[in-house]
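Spelled out, the chains give:
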Amino acid sequence: MPTVLGRIRLQLPGIIAVLAIVTGYFLVLPPTTSAAEQDRMASRFHFTALPIELPPASKHQTIRTVNQDYEHIRAWISSVGAAITMTDLRGTGKSGDLCLVDTRTDQVVVTPVPGSDGTRYAPFALDAAPLPMNEYIAPMGCVAGDFNEDGRTDLLVYYWGRTPVLFLGRPDATTLDAHAFQPVELVPGPNETDGKYTGAQWNTNTATVADFDGDGHQDIFIGNYFPNGPVLNDQVSGGVVMNHSMSHAQNSGGKYILRRTGGNVGDKLSAGFECSDDAFPDEAKHGWSLASSAIDLDGDQLPELYVANDFGNDRMLHNVSSPGHPKFVTVTGPRDATTPKSKILGNDSFKGMGVDFGDLDRKGLYDLFVSNITASFGIEESNFQFMNTARDKADLRAQMDDGTAPFEDRSAAAGTAWSGWGWDVKMGDFDNSGQLAIVQATGFVKGGTNRWPQLQELATANDALLDNPWWWPNVKAGDDLAGDQTLRFFVKGTDGHYSNLAGRLGLAVPVPTRGIATGDAYGNGRLDFAVARQWDAPVFYRNDSPDPGAYLGLRLTYDTPDAAGPLPAPGSPVIGAQIEVTTPDGRKLIDRVDGGSGHSGKRSHYVHIGLGQGVSGPLPVKLQWRDRTGQVHTQTVTLSPGWHSLQLGSQAKEK
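Residues numbered from 1 in each chain as written. Predicted model: local features only at pLDDT ≥ 70, side-chain atom pairs only at ≥ 80, totals over all residues. Heavy atoms only, no water.

1. Focus: the nonpolar core
Put simply, the test is: By nonpolar core we mean a set of buried residues, namely Ala, Val, Leu, Ile, Met, Phe, Trp, Tyr and Cys, connected to one another through side-chain atoms within 4.5 Å. With a 1.4 Å probe rolled over the protein chains alone, any residue whose accessible area is under 20% of its type maximum counts as buried; one over 50% counts as exposed, and the rest are partly exposed. Counting from the N terminus, the helices are the DSSP runs of H or I reaching at least four residues and the strands are the DSSP runs of E reaching at least two. Residue ranges assigned to the domains are those given by an automatic or database domain assignment. Residue contacts are counted whenever heavy atoms from the two residues lie within 4.5 Å of one another.
Grouped together as the largest cluster of nonpolar side chains are 102 residues, with contacts concentrated most on Trp76, Ile77, Trp421, Phe489, Phe529, Leu554 and Leu623. If one sorts the elements of this core by residue count, strand 33 (residues 550-558) sits on top with five residues. Built from parts of two domains, this core gets at least three residues from each of domain 1 (52-543) and domain 2 (550-654). If we ignore the near neighbours within four places in the chain, the residues touching leucine 623 are Leu554, Leu556, Gln578, Ile579, His633, Thr634, Gln635, Val637, Leu646, Leu648 and Ala652. Listed in part, the 24 residues of the second largest apolar core include Ala83, Ala128, Ile137 and Ala173.

2. Re the sheet that holds strand 34 (residues 578-582)
Worth spelling out the cut-off: Any two strands with at least two DSSP-identified bridges between them are counted as paired. As a rule, the C-alpha atoms of each element are fitted with a line to give its axis, helices using only the stretch in contact, and angles between N-to-C directions run from 0 to 180 degrees.
Pairing within the open sheet is antiparallel, and its four strands lie in the order 35-34-38-39. Either end of the sheet is taken by a strand with one partner, and the two such strands are strand 35 (588-592) and strand 39 (632-639). Strand after strand, the sheet turns through a mean of 20 degrees between neighbouring axes, direction not considered. The pairing of strand 34 with strand 35 spans five bridges and is classified as antiparallel. Looking across to strand 35, one finds that glutamine 578 is bridged to arginine 592.

3. Observations concerning the domain arrangement of the chain
What counts, and what does not: What counts as buried area is the accessible surface, traced by a 1.4 Å probe, that two parts surrender upon association, with contributions from both included.
By the assigned domains, the chain splits into domain 1 (52-543) and domain 2 (550-654). Across the boundary between the two partners, domain 1 contributes 82 residues, which contact 52 residues of domain 2. When the two sides are added together, the surface that domain 1 and domain 2 hide from each other amounts to roughly 4700 Å², 46% of it contributed by carbon and sulfur. Summed over the three residues of domain 1 that lose the most area to domain 2, namely Gln301, Tyr366 and Asn432, the buried surface amounts to 13% of that side.

4. Topic: the sheet that holds strand 33
Strands in a sheet are paired, the pairing made by backbone hydrogen bonds, and the direction either parallel or antiparallel. Ordered in space as 37-33-40-41, the four strands form an open sheet in which the pairing is mixed. Strands with a single pairing partner mark the edges of an open sheet, and in this sheet they are strand 37 (607-612) and strand 41 (652-654). Ignoring strand direction, the axes of neighbouring strands in this sheet form an average angle of 30 degrees. Strand direction decides the pairing type here: strand 33 and strand 37, joined by five bridges, are antiparallel. The partner of leucine 554 across the bridge, within strand 37, is valine 607.

5. Some words on the UniProt feature "domain: ASPIC/UnbV" (unreviewed entry) in the chain
Quick reminder of the rule: UniProt positions are given in the numbering used here, feature names are shortened, and annotations may be inferred rather than shown by experiment.
Within this structure's numbering, the places UniProt gives as "domain: ASPIC/UnbV" (unreviewed entry) are residues 575-635. Helix makes up 0% of residues 575-635 and strand 49%. Its end C-alpha atoms lie 17 Å apart.

6. Focus: helix 2 (residues 35-42)
Selection criterion: Of all possible arcs, the one meant is that of the directions from the helix axis to the C-beta atoms.
Those residues of helix 2 not exposed but buried are Glu37, Gln38, Met41 and Ala42. Buried residues of helix 2 fall within an arc of 135 degrees about the axis and therefore sit on the same side. Residues of helix 2 that are buried sit in contact with strand 28 (488-492) and strand 29 (498-500).

7. Considering the pairing of strand 21 (residues 367-371)
Counting buried residues along strand 21, five of its five residues qualify, which places the element largely inside the surrounding structure. As paired elements, strand 20 (residues 354-358) and strand 21 share five bridges and run antiparallel to each other. Following the sheet pairing, glycine 354 is matched in strand 21 by serine 371. As paired strands, strand 21 and strand 22 (residues 384-388) are joined by three bridges and run antiparallel to one another. Among the inter-strand pairings, leucine 368 is bridged to a residue of strand 22, identified as phenylalanine 386.

8. Topic: the environment of phenylalanine 311
Mapping phenylalanine 311 onto the fold places it in the loop between strand 17 (304-310) and strand 18 (315-319). In this structure the C-alpha to C-alpha distance between phenylalanine 311 and threonine 486, which are 175 residues apart in sequence, comes to 23 Å. In this structure, phenylalanine 311 is in contact with Trp76, Tyr225, Asn243, Ser245, Met246, Ser247, His248, Ala249, Trp288, Phe350 and Lys351, ignoring residues within four places of it in sequence.

9. With respect to the state of the cysteines
Put simply, the rule reads: Any two cysteine sulfur atoms lying within 2.5 Å of each other are counted as a disulfide.
Counted under the stated rule, the structure contains one disulfide. Between the sulfur atoms of cysteine 99 and its disulfide mate cysteine 142 the distance is 2.1 Å. Looking along the S-S bond of the cysteine 99-cysteine 142 disulfide, the torsion reads about 105 degrees, which is the right-handed sense. You can see cysteine 99 sitting in strand 3 (residues 97-102) and its partner cysteine 142 sitting in strand 6 (residues 138-145), a full 43 residues away along the chain. Taken individually, cysteine 99 and cysteine 142 each receive the classification buried, so the pair is uniform in this respect. Not engaged in a disulfide, the cysteine cysteine 275 finds its nearest cysteine sulfur in cysteine 142; these two sulfurs lie 20 Å apart. For cysteine 275, a relative accessible area of 32% gives the class partly exposed.

10. Structural notes on the pattern of salt bridges
Convention followed: Throughout this description, the term salt bridge denotes a Lys or Arg side-chain nitrogen within 4 Å of a carboxyl oxygen of Asp or Glu.
Here the structure, examined in full by the defined rule, presents 32 salt bridges. Taking the shortest distance from any N to any O, the salt bridge between arginine 64 and aspartate 106 comes out at 2.7 Å. On the criterion of sequence distance, the pair formed by arginine 64 in the loop between strand 1 (47-51) and helix 3 (74-77) and aspartate 106 in the loop between strand 3 and strand 4 (107-112) is long-range, its members being 42 residues apart. The same class applies to arginine 64 as to aspartate 106, namely buried. The salt bridge involving arginine 152 is made with aspartate 150; its shortest N-O contact spans 3.0 Å. When salt bridges with common partners are traced through the structure, they connect Asp356, Asp591, Arg592, Asp594 and Arg603 into a single cluster.

11. Considerations on unusual backbone geometry
Omega for the bond connecting alanine 129 with proline 130 falls within 30 degrees of zero, at 10 degrees, which places this linkage in the cis form. Along the chain, the position of proline 130 falls in the loop between strand 5 (124-125) and strand 6. Located in the positive-phi region is aspartate 106, a residue other than glycine, with phi close to 55 degrees. With phi around 55 degrees, arginine 362 is a residue other than glycine that occupies positive phi space. Mapped onto the elements, arginine 362 comes out in the loop between strand 20 and strand 21. Assessed through its relative accessible area of 18%, arginine 362 is described here as buried.

In structure tokens:
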């Protein structure tokens, strides 16, 4: 009969296994903050949810029509499209206007922020006529910009089923309505048969604006998801595929830089762009793109480009362009013996859904946050909180020139790794504390029948089966995948850990969300945000935080004269301009004029920087930008807290 010691020896492998599991559990357990501390943190914020006014619509739907090959995964195919942008269309100097996509009506809506100042106007839907359309096209997003450089805010709309359309502001418009915009093809070509659109069937899910080649004019990045094909055409079977891998899919739509080549601001509006994929290395030309962000990381005023790809490798693209010749090279993060390949920047195998840049540790360099699928008891990957490990911009540039992106994922230690089925993400200082919070959209398909077991089976299936939709399990109307997930609002505590305060702030509404847009809609120094919700009404969150700190707000426009017209023009934003503010205690606070980071939500072009409590008096503000000739300028100006409007040419001048 075995002795006690013998029994223990026999059970030793099992005991060790249990101990390893328990130890591993506590090692990866997200850090927690006490309820009392979370209450204290939440007391700094307050948001009031306001309904967004929408125009009448003749079409009302709860799910899309899709290609017959997709019919049994119709809800999956219908899971994107809700989008929102904050901008200034009325020239008020405030981010008081919204451009949004309502999936329930397939309208691209322009509407004022609830209660915003300025000449009021009735909400309206953009009308692409006389450009050709058809019933199998659906809008996916809206990006604001000045695409013909006349000082008016134009709108770029991208779609599934066709190439994008530019809606250029008309110089003779007297009222802000659908007639105030002239639709122009972004990619001209033979695209019409008998009045119907028959051109290239792009399926676009991300776009961003930046001066990629450094010639002084803004270009456009377009990232497509599905390969060209009739995704939404329920009259045909075939011509469509799904991803051929869950972790390294490359059979997607294309990636393009549309370089600005000219434009007309006279009687016949136009904006000329040259479309090419030659700027990208071969490995970056594909990938099922859902989000992107362009930002100058190394201080040379040539913006790097991060592309978040579903089903596989995201891409960090280092900009090595010259005027007229956009060009990028792929850079990847460093790896050591303790870091899984899936957590390496540019080598990940996760489901990139959203991305944003911001200085999370206030060291004067940009970090980035990437949304992935992190649903507990579902598909639990990890968000990425990639922290910049370079010493300074010169060190960062040297490492990128050698092919290395010096970023390390620290999401687990920070408490931001797991949230849900992530989508758009925006960083912003909502209490003007000098510290960025992180707002994240989550949730996928809302219904009554849980489809997680079938999806988990698919996730472990042979990649050879995946590109054929026939093998995919049902995800139809009424099915549910992460349908009750809510917004996340991550705030950094004094111990460096982040806590999700959405529940305490009234933001935890169980409706799938997609796009997040930020901006100061009322000019009061408080950063508001708007949220696009999939198959539900969008919502605006007015910032009523009780005791915010000081702030610096900047409207940075080119010094070129605005075209005359009955309606005020806000000026042409200097997208890509960099700002560094030095506070009295020596902190370096940075931001930029953003051209459209994220999934389907776009922040305002107006820059908002929280300074912290008790900051007053003039502050040194370092500006760096390219003028319209492509020349780089650096200038330090002295500004007091509050809002300022500056024109940037060969030098910065306050208006």
